[in-house]
Amino acid sequence: QRIVSLPFTMASLQNQLVFITGGSGGLGLSFASSFVSRGAFVALFDLVPPPPSALAALAHPPNQPTSSRVRVAFFEGSVTSSETLASAIRSAVGLFGVPLAAFISNAGFADERDLETTLAVNTAAAIFGGELAMGQFFGGPAAPIPPRRVQKLLTTAAAGAKLPDVSLSQLPRGVLVTIASAGGLNPMGYSPYYSASKHAAVGYSRSVAAALRALRRRGLEHDVRAVCVCPGFTQSAMLAGLRQVGGTGGDGGALGRDLERGGVMQPGEVAEVVAGGVGGGGGGGED
C-alpha cells in the first residue's frame, strides 16, 4: 500500500459541508468520523441509515467543543437516482446553511453476477454525482449549474473551444473526491466487472481534473479540485463478499496472492488520508 500526499487542500474544514455517498458503510462512517473530528458538517447518503450508535458517536466528536448545533445528517436514497441525489444535496445545503465544500463519491458495489448494477453504482453514479457537485461548486447553493452545462463548460475548456457564458457571483470552490480502487489501476481477473467499472471512474476523475486545469488556463479563475483515491483491499463487507465467493471467474488463487502481496487496509487509514488532504494535511503534487 502507498500513502500519498493529496493535491488539494482547504485552509480549514471548520463549518464546511462534506457530502458522503455510501455513508452508512464502514468506509463511509470512517470518512464521516474523520471529517467531523475536524469540525466539518457531514451529510451521509445511503440506501439504509447507519446504526443509531454510529450517528450518536458522530454527533459528539471527542475533540470538538460541545454544541447543540446539528453537525451530521442522514439522507436516504440510491446513488443510481440522480434526482434523489440532487434533492439530498440541496437539502443538506439548506439544513446546514453553508455551501457544499467537498463531495466524497464513495458508494460502491461488487457482484460479478450483476454487471448492470456494478456499472450503475461504480461508474454512472460517480459521473453524475460529480456533475452535481461541480454544479454546486461553480454556481453556488442559490443557483447551481445544471449537470449538462457543467459538462459543456469543462469539455469546451479542454477542447480549446469558445467557453459558454457563465455568470459566477463568487470564486468557485470545492473538492470532488472519487473513491475508486486499486482495481481501477490494475487488472482483477477474479472480478472483471468491478475492475472495469473502477477503471472508468478513474478515467472520469482524471479527465475532470485535466479539464479544470484547462479552465484555469483559459482565464476562468476557480479553486475547484478533482482527485481520485484508489485504495487497495480495505476491510469491508464488500471484501468479505469477495473472499466468500473467491471470484466467480474461478480465479480465487489470484485473489489470495493479491491479498498476501498488498495486505488489507483499515477504513480509518483511508479516511484519515482523504480528510487530512481535504483539510490541509495533504498538499503536494498530483499522483
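What comes next concerns the included structure. (Residues numbered from 1 in each chain as written. Predicted model: local features only at pLDDT ≥ 70, side-chain atom pairs only at ≥ 80, totals over all residues. Heavy atoms only, no water.)

Below, the discussion takes up the overall build of the protein. Of the regular secondary structure elements, the protein holds nine helices and six strands. Within the protein, buried positions represent 50% of all 287 residues. Considering only intrachain contacts with a sequence separation of at least 6, the fraction spanning at least 24 residues in the protein is 75%. As displayed, the protein offers around 13100 Å² of accessible surface, 53% of which is attributable to carbon and sulfur atoms. (Helix = DSSP H or I, 4+ residues; strand = E, 2+ residues; numbered from the N terminus. Buried < 20%, exposed > 50% of the residue type's maximum accessible area, 1.4 Å probe, protein only. Contact = heavy atoms within 4.5 Å. Areas by Shrake-Rupley, 256 points an atom, 1.4 Å probe, with all protein chains shown as cover.)

Along strand 5 (residues 173-179), six of the seven residues are buried, which leaves the element largely enclosed by surrounding structure. One ladder, built from four bridges, connects strand 4 (residues 100-105) with strand 5; its direction is parallel. Across the sheet, residue Phe103 finds its bridge partner in strand 5, namely Leu176. As paired strands, strand 5 and strand 6 (residues 223-229) are joined by seven bridges and run parallel to one another. Paired with Ile179 across the strands is Val229, a residue of strand 6. (Pairing = 2+ DSSP bridges.)

Let us look at the nonpolar core. Membership of the largest hydrophobic core comes to 44 residues, with the highest contact counts inside it found for Leu17, Phe19, Leu100, Phe103, Met134 and Phe138. Top contributing element to this core by residue count: helix 4 (residues 115-139), with eight residues. The contacts of Phe138, once residues within four sequence positions are left out, are Ile145, Leu153, Leu168, Pro172, Leu212, Leu215, Leu220, His222 and Val224. In terms of nonpolar packing, the next biggest core, distinct from the first, is built from 27 residues, Val18, Ile104, Ile179 and Val227 among them. (Core = buried A, V, L, I, M, F, W, Y, C linked by side-chain atoms within 4.5 Å.)

Our next topic: the packing of aromatic side chains. Tallied over the entire structure, the rule returns three aromatic pairs. Consider the rings of Phe19 and Phe45, whose centres lie 6.0 Å apart with planes at 35°: the pair is tilted. Here Phe19, found in strand 1 (residues 17-21), pairs with Phe45, found in strand 2 (residues 41-46); they are 26 residues apart in sequence, far enough to count as distant. We note that Phe19, like Phe45, is buried. Ring pairing ties together the aromatic residues Phe19, Phe45 and Phe103, which thus form one cluster. (Phe/Tyr/Trp six-rings, centres within 6.5 Å; stacked < 30°, edge-to-face > 60°.)

Before going further, it helps to spend a moment on the sheet that holds strand 2. Across the sheet, which stays open at both edges, the six strands sit in the order 3-2-1-4-5-6 with parallel pairing between neighbours. Taken across any chain shown, the strands that pair with only one partner, and hence form the sheet edges, are strand 3 (72-76) and strand 6. Each strand axis lies, on average, 15° off the axis of its neighbour in the sheet, ignoring direction. Pairing between strand 1 and strand 2: five bridges, direction parallel. In the strand pairing of strand 2, Ile20 is matched with Leu44. Where helix 6 (residues 192-217) meets the sheet, it contacts strand 5 and strand 6, and its direction lies at approximately 155° from that of strand 6. (Axes fitted to C-alpha atoms, helices over the stretch in contact; angles between N-to-C directions.)

Structurally, the position occupied by Ser34 is in helix 1 (residues 26-36). Looking at Ser34, the relative accessible area reads 4%, which means it is buried. Filtering out sequence-adjacent residues up to four positions away, Ser34 remains in contact with Ala271, Glu272 and Ala275.

The phi angle at Asn15 is positive, at roughly 60°, despite the residue not being glycine. Turning to its location among the elements, Asn15 is positioned in the segment before strand 1. Given the relative accessible area of 33%, Asn15 is considered partly exposed.

The next subject is the packing of helix 4 against helix 5 (residues 147-159). Relative to each other, helix 4 and helix 5 sit at 80°, their axes nearing to 8 Å. One finds that helix 4 runs roughly perpendicular with respect to helix 5. For the pair formed by helix 4 and helix 5, the contact residues are Glu131, Leu132, Met134, Gly135 and Phe138 on the first element and Pro147, Arg148, Val150, Gln151 and Leu153 on the second. When its residues are assigned to classes, the contact of helix 4 with helix 5 shows six nonpolar, two polar and two charged. (Parallel < 35°, antiparallel > 145°, perpendicular 65-115°, else oblique. Nonpolar A, V, L, I, M, F, W, Y, C, P; charged D, E, K, R; others polar.)

Taking 1.5 Å as the rise per residue, helix 4 with 25 residues should run 36 Å; its terminal C-alpha atoms sit 34 Å apart, in good agreement. In helix 4, a bend of some 35° at Ala125 exceeds every other bend along the element. A positive phi of about 85° marks Gly140, the residue just after helix 4. (Expected span 1.5 Å × (residues − 1). Bend = angle between axes of the 7 residues up to and from the residue.)

Taken together, Leu115, Leu119 and Tyr193 make up a surface patch of nonpolar side chains, about 230 Å² in accessible area. Counting through the fold element by element, Leu115 comes out in helix 4. (Patch = residues over 30% accessible without salt bridge, like charges linked within 9 Å, V, L, I, M, F, W, Y side chains within 5 Å. Salt bridge = Lys/Arg side-chain N within 4 Å of Asp/Glu carboxyl O.)

Just geometry here; none of it tells us what the structure is for.
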